[in-house]
Amino acid sequence: MTKIPVWPIDQETARIYADIYHELRRKAVILSQVDMMVASLARQSKLTILTTDRDFEALPSIRREDWT
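Residues numbered from 1 in each chain as written. Predicted model: local features only at pLDDT ≥ 70, side-chain atom pairs only at ≥ 80, totals over all residues. Heavy atoms only, no water.

*Asks:* Break down the overall build of the protein chain for me, citing the residues and quoting the values.
*Replies:* Scanning the protein chain for helices and strands turns up two helices and two strands. Tracing the protein chain from N to C terminus, the helices and strands come up as α-α-β-β. Along the first, second and third principal axes, the C-alpha atoms of the protein chain reach 45 × 35 × 20 Å. Evaluated residue by residue, the protein chain yields a buried proportion of 28% over its 68 residues. Sequence-distant contacts in the protein chain: of pairs separated by 6 or more residues, those separated by 24 or more amount to 37%. Summed over its atoms, the accessible surface of the protein chain is roughly 5,300 Å², and 57% of this surface lies on carbon and sulfur atoms. Both charge centroids of the protein chain, one from 10 positive and one from 10 negative side chains, sit 4 Å from each other. (Helix = DSSP H or I, 4+ residues; strand = E, 2+ residues; numbered from the N terminus. Buried < 20%, exposed > 50% of the residue type's maximum accessible area, 1.4 Å probe, protein only. Contact = heavy atoms within 4.5 Å. Areas by Shrake-Rupley, 256 points an atom, 1.4 Å probe, with all protein chains shown as cover. Lys, Arg positive; Asp, Glu negative; His and termini not counted. Charge placed at Lys NZ, Arg CZ, Asp CG, Glu CD.)

Here it is in structure tokens:
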């Protein structure tokens with residue numbers, strides 16, 4: 001059986017999520033709750049998001065790559 005690591009969502013993640021929510025709201029940009037949570041975890045852990053989803057361009061502080 002393959003184990004899948006799960007990153008914990010803690011108070012700091014929730015605070016970053018709120019920051020991202022308000023940042024996007026000021027820009028009048030809508031992202032799904034899942035995308036905002038992924039962005040929160042990426043920002044908190046200084047990770048790069050590997051995606052073809054251009055919605056993340058609304059968050060220039062989030063590193064992202066498209067390998068297609």
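*Asks:* I'd like a rundown of the pattern of salt bridges, residues and numbers included.
*Replies:* With the rule as written, the count across this model stands at five salt bridges. Note that D19 and R15 form a salt bridge whose closest N and O atoms lie 2.5 Å from each other. Separated by four residues within a single helix, D19 and R15 lie in helix α1 (residues 11-27), roughly one turn from each other. On the basis of relative accessibility, which here comes to 35%, the residue D19 falls in the partly exposed class. (Salt bridge = Lys/Arg side-chain N within 4 Å of Asp/Glu carboxyl O.)

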